[in-house]
Amino acid sequence: MINPISLVKSYYEKAKELNLKYFDAAVLCTSRDNIPDGRNVLIKEITENGFIFYTNYNSKKGKDLELNPHACIVFYWQDLGIQIRIRGKVEKVENQKSIEYFRTRPKGSQISAYISKQSEELESYEKLVEIFEEYSKTFKDREVEKPEDWGGYILIPSEIEIWEEKPYRLHKRVLYYLDGNIWKMKYLYP
Ligand SMILES: Cc1cc2nc3c(=O)[nH]c(=O)nc-3n(C[C@H](O)[C@H](O)[C@H](O)COP(=O)(O)O)c2cc1C
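Procedures and definitions
- Residues numbered from 1 in each chain as written.
- Predicted model: local features only at pLDDT ≥ 70, side-chain atom pairs only at ≥ 80, totals over all residues.
- Heavy atoms only, no water.
- Near = heavy atom within 4 Å.
- Helix = DSSP H or I, 4+ residues; strand = E, 2+ residues; numbered from the N terminus.
- Nonpolar A, V, L, I, M, F, W, Y, C, P; charged D, E, K, R; others polar.
- Phe/Tyr/Trp six-rings, centres within 6.5 Å; stacked < 30°, edge-to-face > 60°.
- Buried < 20%, exposed > 50% of the residue type's maximum accessible area, 1.4 Å probe, protein only.
- Core = buried A, V, L, I, M, F, W, Y, C linked by side-chain atoms within 4.5 Å.
- Contact = heavy atoms within 4.5 Å.
- Lys, Arg positive; Asp, Glu negative; His and termini not counted.
- Salt bridge = Lys/Arg side-chain N within 4 Å of Asp/Glu carboxyl O.
- Polar contact = N/O pair within 3.5 Å; in protein donor to acceptor, adjacent residues only side chain to side chain.
- Expected span 1.5 Å × (residues − 1).

> Just to check I follow, could you spell out the site of the ligand for this structure?
In the vicinity of the ligand, the contacting residues are Y22, R39, N40, V41, L42, Y54, T55, S59, K60, K61, Q118 and S119. Secondary structure elements with two or more residues in the shell around the ligand: β2 (35-46), β3 (51-56) and α2 (60-67). Looking at which element gives the most residues to the shell around the ligand, the answer is β2, with four residues. By residue class, the composition of the shell around the ligand is four nonpolar, five polar and three charged.

Printed below as a string of structure tokens:
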């Protein structure tokens, strides 16, 4: 049986080769107290175990995931005619991995992660720019350290559905699901 994580990776690589803008964006859905929420994140890496994204652990999504690690991500590549829906559970990645990834980011992005109390109320947009400028001076000749509350999550899938656009709306849907440790598959009506 084909490993559906590698299959997702092959579509992801194809979208990257085609230079599609935000080829790595996926909608991340979380749910807290049975109230769902969704937003885009960038899936920076696909490993044999799952899908890695980075964020602020104290953000709304971080708090949702703390209380309920069940989540899903949805990719849609219009130019490929492919939607991929991935359900599973998230775990934080090792801090060292987040540190290493943080170091690869442009300095401006590092500063913006450093100053952002993501999802908290901000008195005005001008205030954010002001703080950014202040910290750009502070870090002019210094390395920006990864903030404690910033890091990665890995979504470890238990179900992956690949939807492929076909003529006459006879779209092809294949659901891969874990049965114990074994990936199985079935077709679904579109
Ligand atoms: C294309 C795109 C990619 C994004 N990537 C990320 C990301 O990788 N990490 C992140 O924290 N926010 C990312 N954002 C912003 C989130 O969608 C969201 O606004 C923010 O994380 C706050 O979400 P929350 O309040 O639900 O935690 C992205 C937004 C867009 C439109």
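> Would you mind going over the packing of aromatic side chains with me for this structure?
Given two aromatic rings, their pairing is described by the distance between the two centres and the angle made by the two planes. In total, this model carries twelve aromatic pairs according to the counting rule given. When the centroid spacing of 4.1 Å and the interplanar angle of 20° are considered together, the rings of Y54 and Y101 count as stacked. Linking Y54 in strand β3 with Y101 in helix α3 (residues 95-104), this pair joins segments that are 47 residues apart in sequence. Judged on exposure class, the residue Y54 and its partner Y101 are both buried. Connected via pairs of aromatic rings, a cluster forms that spans Y12, F23, F75 and W77.

> For this particular structure, what's the right way to read the nonpolar core?
For soluble globular proteins, nonpolar side chains are generally found buried alongside one another. Core analysis: the biggest nonpolar cluster contains 32 residues, and I43, F51, F75, W77, I84 and I160 have the highest contact counts within it. When contributions to this core are tallied by element, the ones reaching two or more residues are α1 (4-17), β1 (25-32), β2, β3, β4 (70-77), β5 (82-92), β6 (150-164) and β7 (172-179). Among the elements that make up this core, the one with the highest residue count is α1 (six residues). For I84, the residues in contact, after removing those within four places along its chain, are V8, Y11, I73, V74, F75, W77, I160, E161 and I162. Among the nonpolar cores identified, the runner-up in size contains twelve residues, and V93, I115, V144 and W150 belong to it.

> Help me out: how do you make sense of the side chain of K146 in this one?
With respect to the helices and strands, K146 occurs in the loop between α5 (125-138) and β6. With no salt bridge to any partner, buried K146 finds its closest opposite charge in E148, at an N-O distance of 6.5 Å. Separated by 3.2 Å, the side chains of K146 and N95 make a polar contact. When residues no more than four places from it in sequence are discounted, the contact partners of K146 are N95, S98, I99 and F102.

> Please explain α1 as it appears in this structure.
Each α-helix turn comprises 3.6 residues. Residues three or four places apart therefore point the same way. Taking 1.5 Å as the rise per residue, α1 with 14 residues should run 20 Å; its terminal C-alpha atoms sit 20 Å apart, in good agreement. Two residues or fewer after α1 comes N19, characterised by a positive phi angle close to 60°.

> Teacher, can you tell me more about the side chain of T55 here?
You can see T55 is positioned in strand β3. What makes T55 buried here is its relative accessible area of 5%. Ignoring any residue separated from it by four or fewer positions in sequence, one finds T55 in contact with K61, Q118, D149, W150, G151 and Y153.

All we've got here are geometric facts, nothing functional implied.
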